[in-house]
Amino acid sequence: MSSARAVAVPNDLEAYWIPFTPNRAFKAAPRLIARSKGMHYYTPDGRAVLDGIAGMWCTNAGHNRDPIVAAIRAEAGELDYAPAFQFSHPKAFELASRVAALAPGDLDHVFFCNSGSEAVDTALKIALAYHNIRGEGARSRLIGRERGYHGVGFGGISVGGIVGNRKFFGTLLTGVDHLPATYNREQQAFSKGEPEWGAHLADELERIVALHDASTIAAVIVEPMAGSTGVLPPPKGYLQRLRAICDRHRILLIFDEVITGFGRLGHAFAAERYGVLPDLITFAKGVTSGSVPMGGVIVRAPIYETFMRGPEHVIELTHGYTYSAHPLACAAALATLDLYRDEGLFERARKLESIWADAAHGLKGLPNVLDIRTVGLTAGIDLASRPDAVGRRAYDAMTKAFFEENIVIRITGDTIALTPPLIVSEGEIAEIFERVGRVIRAVA
Ligand SMILES: Cc1ncc(COP(=O)(O)O)c(C=O)c1O
């Protein structure tokens, strides 16, 4: 397709309140994207921009893939909507079976929603209700982790560990505690893959259990790899230790795999990479390769079975969304899962991991680079902050990347995150890090 096709630019940027964006700075110099294909975006004036971050960690199959587009088009003409409560449609069941088949162990029941935030709230609610109906309703505490990101619902920001996302929003959920973050630059700087140091940080859960007593704790939720706070891979053995402690105290373990699901770490789920079976997995993003909003929770069989008691006409879980398992999302997801399978994209990510890591770590030694972390097809690059202007250097890097180097990168604080579509070629990997290297020099 030609990159020159022009699309009209909105002439008034005022009305739209853009999420997680400095609105005034954006509107002064808008970064607009009008079209996408494969590894690229195209600006309204037709400039090709390399996508270094798979949309926002979601377009794992690449942009506007023909089979996904065709499936969405066909479904739009076939079934616009069916009630999500008390009725359903065939593709919802087909998709649940496909997702369950990808998940390890007896993670074989799927609850659908529309985003990662909803998936997290759903998982937390299932955990609380599970203990309740087992007669252990005192298990109401939820444990998250510092530097965790679990979306923006009240549940998610309560267990989340990003101060800026919490401090404006009152008292949040009560009865929440946090594990320490797993990152320590002195011990882990410039690790490729999972760092050697830090498994013992899981033992902090024992301290939290000792403080509150296990009989009050419902669940622990962690991202296997913390993405949004800058790519923090789990220390070797850490997740295994968390699992053992949860087992010891009958605490449910939730893996938030909204980013790590669907190939990002070279497997369908990070649970498989790490050989750790959580009780619930949240997913979103990659399930439709970003093409239609969808999220969900995968639940182990004994948890689902616990709900399937009582009179059969009574709703077992009083929870759900108008658009749970929306037909368009299901059609998009089924086509996406076919693509992942037919093109072997999870295996591709696994094969490219070392090439990706070597290219990323090649930026070591550039000005202000304090650390580089890689795992799967992700990289986090910490830059030194400008004096008195935390976040400014990375913000400048993002704008220069877009306008001058024709690449989209993601930033958090002064960290650059990179996480390309899994279709990225070796040449494009080299290209991504060449451009990012030039950007890093330019903001020195
Ligand atoms: C681990 C994790 N959980 C939840 C979310 C929230 O997802 P959404 O933005 O779709 O609500 C995100 C988004 O990046 C995420 O990375």
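Before any of the text, the structure's been laid out above.
Okay, so let's go over this structure.

With that settled, consider the overall build of the chain. The helix and strand inventory of the chain stands at 16 helices and 15 strands. Against the globule reference of 22 Å for 444 residues, the chain gives a C-alpha radius of gyration of 22 Å, in line with a compact fold. For the C-alpha atoms alone, the extent of the chain along its principal axes is close to 60 × 55 × 45 Å. The buried share of the chain, reckoned over its 444 residues, is 56%. By element, 54% of the accessible surface of the chain is carried by carbon and sulfur atoms, the whole surface being about 18900 Å². When the 46 basic and 49 acidic side-chain charges of the chain are each reduced to a single mean position, those positions are 4 Å apart.

Our next topic: the sheet that holds strand β15 (residues 415-418). Strand pairs in the sheet, formed through backbone hydrogen bonds, run parallel or antiparallel to each other. Read from one edge of the open sheet, four strands run β11-β12-β15-β14, paired in antiparallel fashion. Both edges of this open sheet fall to β11 (369-375) and β14 (410-412), since each of them pairs with a single strand only. The average angle at which neighbouring strand axes cross in this sheet is 20°, direction not considered. The pairing of β11 with strand β12 (residues 378-383) spans six bridges and is classified as antiparallel. In the strand pairing of β12, Ile372 is matched with Ile381.

Our focus in this paragraph is the nonpolar core. The biggest cluster of nonpolar side chains holds 97 residues, and the ones touching the most others in it are Ile381 and Leu418. In this view, Ile381 contacts Leu363, Val369, Asp371, Ile372, Asp414, Thr415, Ile416, Leu418, Val436 and Ile440; residues no more than four positions away in its chain are not counted. Grouped together as the second largest cluster of nonpolar side chains are 21 residues, Cys113, Val120, Ala219 and Tyr321 included.

With that settled, consider the packing of helix α9 (residues 204-212) against helix α10 (residues 238-249). The relative placement of two packed helices comes down to the angle between their axes together with the axis-to-axis distance. Look at α9 against α10: their axes get within 9 Å of each other, and the N-to-C directions meet at 25°. Considering their axes alone, α9 and α10 lie roughly parallel with respect to each other. Along this stretch, α9 crosses α10, giving a crossing that reads as right-handed. Across from Leu205, Glu206 and Val209 in α9, the residues of α10 making contact are Leu242, Ile245, Cys246, Arg248 and His249. Residues that form the contact of α9 with α10 fall into these classes: five nonpolar, one polar and two charged.

Moving on, we get to the site of the ligand. In the neighbourhood of the ligand, the contacting residues comprise Ser115, Gly116, Ser117, Tyr149, His150, Gly151, Glu223, Ser228, Asp256, Val258, Ile259 and Lys285. Backbone polar atom of Gly116 to an oxygen atom of the ligand: 2.9 Å apart, as the coordinates give it. Across the complex, the protein chains shield 84% of the 390 Å² of accessible surface that the ligand would expose by itself. Residue composition of the shell around the ligand, grouped by class: three nonpolar, six polar and three charged.

Within the open sheet, the four strands sit side by side as β1-β2-β3-β13. Their pairing is mixed. Both edges of this open sheet fall to β1 (35-37) and β13 (407-408), since each of them pairs with a single strand only. Relative to strand β3 (residues 48-51), strand β2 (residues 40-42) runs antiparallel, the two being bridged by three bridges. Across the sheet, residue Tyr42 finds its bridge partner in β3, namely Ala48.

On to the pairing of β15, then. Side chains Thr415 and Ala417 project from β15 onto one buried face, and the interleaved Ile416 and Leu418 project onto a second face that is buried too. Pairing of β12 with β15, which is carried by four bridges, proceeds in the antiparallel orientation. Looking across to β15, one finds that Gly380 is bridged to Ala417. Where β14 and β15 come together, three bridges link them in antiparallel fashion. Pairing of Thr412 across the sheet is with Thr415, part of β15.

This part takes up the state of the cysteines. Here, disulfide denotes a covalent bond that connects the sulfur atoms of two cysteines. Here the structure, examined in full by the defined rule, presents zero disulfides. With no disulfide of its own, Cys58 lies 15 Å from the sulfur of Cys113, the closest cysteine sulfur. The class of Cys58 is buried, set by a relative accessible area of 15%.

Evaluated as defined, the whole model comprises nine aromatic pairs. Ring centres 6.4 Å apart and planes at 90° place the aromatic pair Phe112 and Phe283 in the edge-to-face group. Taken as a pair, Phe112 in strand β4 (residues 107-113) and Phe283 in strand β9 (residues 280-283) lie far apart in primary sequence, 171 residues in all. For Phe112, a relative accessible area of 6% puts it in the buried group. Among the aromatic residues, those joined into a ring-pair cluster are Phe112, Phe262, Phe269, Phe283, Tyr340 and Phe346. Residue placement shows Lys364 over the ring face of Phe190; its charged tip is 4.5 Å from the ring centre.

Cut-offs and rules
- Residues numbered from 1 in each chain as written.
- Predicted model: local features only at pLDDT ≥ 70, side-chain atom pairs only at ≥ 80, totals over all residues.
- Heavy atoms only, no water.
- Helix = DSSP H or I, 4+ residues; strand = E, 2+ residues; numbered from the N terminus.
- Rg over C-alpha atoms; globule rule 2.2 N^0.38 Å.
- Buried < 20%, exposed > 50% of the residue type's maximum accessible area, 1.4 Å probe, protein only.
- Areas by Shrake-Rupley, 256 points an atom, 1.4 Å probe, with all protein chains shown as cover.
- Lys, Arg positive; Asp, Glu negative; His and termini not counted.
- Charge placed at Lys NZ, Arg CZ, Asp CG, Glu CD.
- Pairing = 2+ DSSP bridges.
- Axes fitted to C-alpha atoms, helices over the stretch in contact; angles between N-to-C directions.
- Core = buried A, V, L, I, M, F, W, Y, C linked by side-chain atoms within 4.5 Å.
- Contact = heavy atoms within 4.5 Å.
- Parallel < 35°, antiparallel > 145°, perpendicular 65-115°, else oblique.
- Left-handed = near helix turned anticlockwise from the far one by under 90°.
- Nonpolar A, V, L, I, M, F, W, Y, C, P; charged D, E, K, R; others polar.
- Near = heavy atom within 4 Å.
- Polar contact = N/O pair within 3.5 Å; in protein donor to acceptor, adjacent residues only side chain to side chain.
- Disulfide = S-S within 2.5 Å.
- Phe/Tyr/Trp six-rings, centres within 6.5 Å; stacked < 30°, edge-to-face > 60°.
- Lys NZ or Arg CZ within 6 Å of the ring centre and 35° of its normal.

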